[in-house]
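Structure assessment
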Amino acid sequence: MEHRRETIAILGSTGSIGRSTLEIAARLNDKYRVTGLAAGSNVTLLLKQTAEFKPEIVSLRTERDAAEFRRRYKGGRVRVTFGPEGAVEVAGRSGNDIVVSAITGIDGLGPTLAAVKAGKKVALANKESMVVAGAFLKREAARSKARIIPVDSEHSGVFQCLAGQKMESVSRVILTASGGPFFRTPLGEIGRKTLDDALRHPRWRMGKKVTVDSATLMNKGLELIEARWLFDLDPARLDVLIHPQSIVHSLVEMRDGSVLAQLSRTDMKVPIQYALTYPEREVSPLPALDLSRIGPLEFHRVDERKFPLFALARTVLEEGESLPVALNAANEAVVGAFLAGGVRFGALAGLVERCLAAHVKRPVRNITEVFDIDRETRETAKIILKQRT
Ligand SMILES: NC(=O)c1ccc[n+]([C@@H]2O[C@H](COP(=O)([O-])OP(=O)(O)OC[C@H]3O[C@@H](n4cnc5c(N)ncnc54)[C@H](OP(=O)(O)O)[C@@H]3O)[C@@H](O)[C@H]2O)c1
């Protein structure tokens, strides 16, 4: 009798994480079957993925995208849906065992929450949902028995180091950062950098939003907030070190002086595969890590004068309440304007700071309030961005 393959739904299947996940699913075809795909507007790639993986349901961002998909689709039966409700349906469907959450930004929150509420194993790449709603996602997961397994390489590293450890024995968790394209750029020159410069990441090939966040180091700030919720850690026990080689993904310092580290090649297929197969491990298609060929591994402190958005995110982590939601919304809006060509790199931090200065910090009581604060901050950002042009 054929053994039952685990079923996977991928949110953001046409993106960088989504495509890598499908490569793994294709290689581990005897273990996994892809049953759902949610994408934004890349109809052509979703058609190709649907032909290859034969999911039962696909979703696109808009009704127009869905209509185009239906018109061009020549394969067998597939349910085609769209919009936020479509992605939520893909995520929460009873046929999925595993949901890979890899839509960018707060748009990933609704579907991630649906997967958590439905008690799925959630492979979480969409850090923004943990940043803005970590407390609610954790509470729902405890209720539904969902498992949230991190995909972010740093958090996957921490997750692996913490296996079998008692949290009271952990004195500090240190996430590493490559430092992005401007780590070695003198302070006085960073402001003049362009969109092309910011998108030229030295180590990772990722979607544009996360690549810009890596250039400002906001990405590392968001990851600190993500780690605070994922591992239930007091902000004082969280730290960051710049490690330009991106081989050590995180370090866990124990109270007896031991430091545990997770090392792997700079390839997201390693943490994605681990999240899928956890608690098992499968053979990797990548060559083994050969430290003798990598050379010296460096570690540096973050220069917060060069990366003011990292410093801002640290403050937000410490102050909590509604600030992470406002920070995330302001950052998404300002980075969106930068990607559209309307803002200089040197102006990013000031604009996000102005949005936060206009925000009145308050407790967040439920998910509806998360979306309200997100919307309110985007309105503020729109006004601030308009004022400058
Ligand atoms: N890439 C990495 O190495 C990496 C590492 C760690 C964490 N992450 C996190 O993983 C997430 C995805 O990153 P990425 O680099 O894969 O981004 P990406 O390449 O830009 O892909 C984003 C995906 O989300 C889809 N999407 C965007 N808005 C959508 C919406 N409203 N509804 C449905 N689908 C939507 C896009 O669809 P279309 O392209 O079809 O429009 C695409 O499939 C982010 O939260 C990022 O921070 C990424």
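Residues numbered from 1 in each chain as written. Predicted model: local features only at pLDDT ≥ 70, side-chain atom pairs only at ≥ 80, totals over all residues. Heavy atoms only, no water.

**Concerning the packing of aromatic side chains**
The geometry of an aromatic ring pair is captured by two quantities: the separation of the ring centres and the angle between the planes. Per the counting criterion, the structure on display carries six aromatic pairs. Aromatic side chains Phe-159 and Tyr-278 sit 5.1 Å apart centroid to centroid with 65 degrees between the ring planes, which places their arrangement in the edge-to-face category. In this pair, Phe-159 sits in helix H7 (residues 153-162) while Tyr-278 sits in the loop between helix H12 (269-277) and helix H13 (308-319), placing the two residues 119 residues apart along the sequence. For Phe-159, a relative accessible area of 14% translates into the label buried. Between Phe-182 and Phe-345, the ring centres sit 5.0 Å apart and the planes meet at 75 degrees, which makes this aromatic pair edge-to-face. (Phe/Tyr/Trp six-rings, centres within 6.5 Å; stacked < 30°, edge-to-face > 60°. Helix = DSSP H or I, 4+ residues; strand = E, 2+ residues; numbered from the N terminus. Buried < 20%, exposed > 50% of the residue type's maximum accessible area, 1.4 Å probe, protein only.)

**A few points about empty space enclosed by the protein**
One water molecule sets the probe size; rolling that probe over the atoms shows where empty space is left. Taken as a whole and assessed by the stated rule, the structure comprises one cavity of 30 Å³ or more. Reported here for the largest cavity is a volume of approximately 30 Å³. For the largest cavity, the full set of lining residues is Ser-153, Ser-156, Gly-157, Gln-160, His-249, Gln-262, Ser-264, Val-270 and Pro-271. Elements represented by at least two residues in the lining of the largest cavity include exactly H7 and H12. Tallied by class, the residues present in the lining of the largest cavity amount to two nonpolar, seven polar and no charged. (1 Å grid on protein atoms, 1.4 Å probe; cavity = no way out; pocket = protein on both sides within 12 Å on 5 of 7 lines; lining within 4 Å. Points joined across faces, edges and corners; volume = space filled by probe spheres on them. Nonpolar A, V, L, I, M, F, W, Y, C, P; charged D, E, K, R; others polar.)

**What to know about the sheet that holds strand S11 (residues 259-263)**
Overall, mixed pairing links the four strands, which are arranged S9-S8-S10-S11 in an open sheet. Edge positions in the sheet fall to strand S9 (238-242) and S11, since each has one partner strand and no second. Ignoring strand direction, the axes of neighbouring strands in this sheet form an average angle of 20 degrees. Pairing of strand S10 (residues 248-254) with S11, which is carried by five bridges, proceeds in the antiparallel orientation. Within S11, the residue paired with Glu-253 across the bridge is Val-259. (Pairing = 2+ DSSP bridges. Axes fitted to C-alpha atoms, helices over the stretch in contact; angles between N-to-C directions.)

**Quick notes on the sheet that holds strand S2 (residues 32-38)**
Across the sheet, which stays open at both edges, the seven strands sit in the order S4-S3-S2-S1-S5-S6-S7 with parallel pairing between neighbours. In this open sheet, the two strands that pair with only one neighbour each are strand S4 (79-82) and strand S7 (147-150). Averaged over all pairs of adjacent strands, the angle between their axes in this sheet comes to 25 degrees, without regard to strand direction. As defined by bridge partners, strand S5 (residues 98-101) adjoins strand S6 (residues 121-124) across four bridges and the pair is classed as parallel. In the strand pairing of S6, Val-99 is matched with Val-122. With respect to the sheet, helix H3 (residues 63-72) is in contact with strand S3 (57-60) and S4, its orientation differing from that of S4 by roughly 160 degrees. (Contact = heavy atoms within 4.5 Å.)

**Some details on helix H2 (residues 43-53)**
In an α-helix, one turn spans 3.6 residues; hence positions three or four apart end up facing the same way. Looking only at H2, the buried set comprises Val-43, Leu-45, Leu-46, Leu-47, Gln-49, Thr-50 and Phe-53. Where the residues of H2 are buried, they touch helix H1 (16-27), S2, S3 and H3.

**Notes on the side chain of Thr-21**
By the secondary structure assignment, Thr-21 is in helix H1. Each residue touching Thr-21, except ones within four places of it in the same chain, is listed here: Ile-10, Val-100, Ile-272 and Leu-276.

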